[in-house]
Amino acid sequence: LSIEKMDFNPEENISISGQAIKEGGKNSNGFIEISIIGGDQSKIEKSATINNGAFNTFITIPKGIKSGLYSLEIYAYEKDFRDEITNKGNFFKSIRLNQIPRSVDLVFENKSIEPGKSVKIKPIIYDQTGEKIFSVVSLTIKNSKNKIIDQQEVQSDKSFELPIKYNEQPSSWKVFAVSGEINSEATFDILEKESVDVKIINQTIVITNKGNVPYKKTVLVKIGDEPMNIEADLDVDETKKYVLSAPNGNYKIEILAGETSE
């Protein structure tokens, strides 16, 4: 038996040639049956003829075969006019079927990200049978304006974390994954968030927009038992100051701005 190598990929042809010689030294004229056996794969079979002691054929590796060691078995035989086998012989050779990356998937812990938090991305590479392959993946993250925000070489099946700025505007970002000749892309969304930071410094209220959209809401201020409203209108990162006044005395000041209180 002669084959050109020992390692093969799914969908590849194994070229098989050889000689079948009888015990007495004469060339055989008959048939061969080729089998690939191993793993959890059912037997792969093909038949061919032996002409004047020689055979030359091929067998194709299935697309979804599991990687690992397999046995390539050749069974040669002759038949008489009654279609009965008159003599036979076997030959075995070990071959290896390779694990081939077929797809890369991007898994997100959450595809809707609040500004000020992190997006967590896990690239996973799958082989021809859907099993995981552990290799390096190149990740590129672009914002809604197609600007590259980050590029990293990461290990597959491990999470990569990218912090999102607190004031990053609401938008959809893209993630591109490349490993060898396979690639994929996915998107995640940065959510809209209204948030203000409130401080009281002596008789002054300082309000800063810490969200990622303009803040246009009513802020409730209580001086003692007296309520008053401040119509806040703040662009992102804008700060405004409001001076409080009241008759002489000591007062408890309470401010309610959405979920923020001081």
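Up top is the structure.
Since the model is a prediction, treat every value here as computed from it, not as a measurement.

Of the strand pairs in this sheet, strand β18 (residues 196–201) and strand β19 (residues 204–209) are connected by six bridges, and their pairing is antiparallel. If you follow V198 over to β19, its bridge partner there is I207. Connecting β18 to the antiparallel partner β19 that follows it, the hairpin turn spans two residues, and N202 within it adopts a positive phi of roughly 55 degrees.

Right, let's get into the side chain of N143. By secondary structure assignment, the location of N143 is in the loop between β13 (136–142) and β14 (148–155). For N143, a relative accessible area of 14% corresponds to the buried category. Reaching out from N143, the side chain makes a polar contact with the backbone nitrogen of K147 at a distance of 2.9 Å. With residues up to four places along the chain from it excluded, the contact list for N143 reads I149, S172 and W173.

Right, let's get into the sheet that holds β14. Reading across from one edge, β10-β17-β16-β13-β14 is the order of the five strands in this open sheet, with mixed pairing throughout. Bordering the open sheet on either side are β10 (112–113) and β14, each of which pairs with just one other strand. Judged from the five bridges that link them, β13 and strand β16 (residues 171–179) form a sheet pairing that is antiparallel. What sits directly across from I141, in β16, is V175.

So, about the environment of D105. In this structure, D105 sits in strand β9 (residues 101–108). Measuring from C-alpha to C-alpha, the distance between D105 and N13 comes to 29 Å, with 92 residues separating the pair along the chain. Sequence-distant contacts of D105, that is, excluding residues within four places in its chain, are made with K122, P123, I124, Y126 and S184.

Only one face of strand β3 (residues 13–19) is buried: it carries I14, I16 and G18, and the other face, with N13, S15, S17 and Q19, is open. Bridge count between strand β1 (residues 2–3) and β3: two bridges; the pairing is antiparallel. Residue pairing across strands places S2 opposite S17, the latter belonging to β3. The pairing of β3 with strand β6 (residues 54–60) spans seven bridges and is classified as antiparallel. Residue S15 lies in a different strand from β6, and its bridge partner there is F58.

The subject of this paragraph is the layout of surface pockets. In this structure, the largest pocket encloses a volume near 310 Å³. Around the largest pocket, the lining is made up of 18 residues, and of these Q19, A20, I21, A76 and G89 lie nearest the centre. In terms of residue count, the dominant contributor to the lining of the largest pocket is strand β8 (residues 85–97) (five residues). For the lining of the largest pocket, the class distribution of residues is nine nonpolar, five polar and four charged.

Here we come to the environment of A48. Relative to the helices and strands, A48 resides in strand β5 (residues 41–50). Sequence separation of A48 and A76 is 28 residues, and the distance between their C-alpha atoms is 9.6 Å. Excluding residues within four positions of it along the chain, A48 makes contact with F31, I32 and T57.

Pairing of side chains with opposite charge becomes possible as their charged atoms draw close. This structure, assessed with the given rule, holds twelve salt bridges. Linking R82 and D80 is a salt bridge whose minimum nitrogen-to-oxygen distance equals 3.4 Å. Owing to a relative accessible area of 22%, D80 belongs among the partly exposed residues under this scheme. Here E194 ties to K217 by a salt bridge, and the two come within 2.8 Å at their closest N and O atoms. Pair noted here: E194 is in the loop between β17 (182–190) and β18 and K217 is in strand β20 (residues 215–223), with a separation of 23 residues, a long-range link. A relative accessible area of 38% places K217 in the partly exposed class. Salt bridges here are not isolated pairs; linked through shared partners, they connect D80, R82 and E84.

This brings us to the packing of aromatic side chains. Under the criterion given, the structure shown has four aromatic pairs. Residues F108 and F188 carry aromatic rings whose centres are separated by 6.0 Å and whose planes lie at 45 degrees to one another, so their mutual orientation is tilted. On the criterion of sequence distance, the pair formed by F108 in strand β9 and F188 in strand β17 is long-range, its members being 80 residues apart. Relative accessible area serves as the criterion here: at 13%, F108 is assigned to the buried category. Taken together, F31, Y75 and Y77 form an aromatic cluster joined through their ring pairs. One residue, K46, lies across the ring of F58, its end atom 3.7 Å from the ring centre.

So, how was this worked out
- Residues numbered from 1 in each chain as written.
- Predicted model: local features only at pLDDT ≥ 70, side-chain atom pairs only at ≥ 80, totals over all residues.
- Heavy atoms only, no water.
- Pairing = 2+ DSSP bridges.
- Helix = DSSP H or I, 4+ residues; strand = E, 2+ residues; numbered from the N terminus.
- Buried < 20%, exposed > 50% of the residue type's maximum accessible area, 1.4 Å probe, protein only.
- Polar contact = N/O pair within 3.5 Å; in protein donor to acceptor, adjacent residues only side chain to side chain.
- Contact = heavy atoms within 4.5 Å.
- 1 Å grid on protein atoms, 1.4 Å probe; cavity = no way out; pocket = protein on both sides within 12 Å on 5 of 7 lines; lining within 4 Å.
- Points joined across faces, edges and corners; volume = space filled by probe spheres on them.
- Nonpolar A, V, L, I, M, F, W, Y, C, P; charged D, E, K, R; others polar.
- Salt bridge = Lys/Arg side-chain N within 4 Å of Asp/Glu carboxyl O.
- Phe/Tyr/Trp six-rings, centres within 6.5 Å; stacked < 30°, edge-to-face > 60°.
- Lys NZ or Arg CZ within 6 Å of the ring centre and 35° of its normal.

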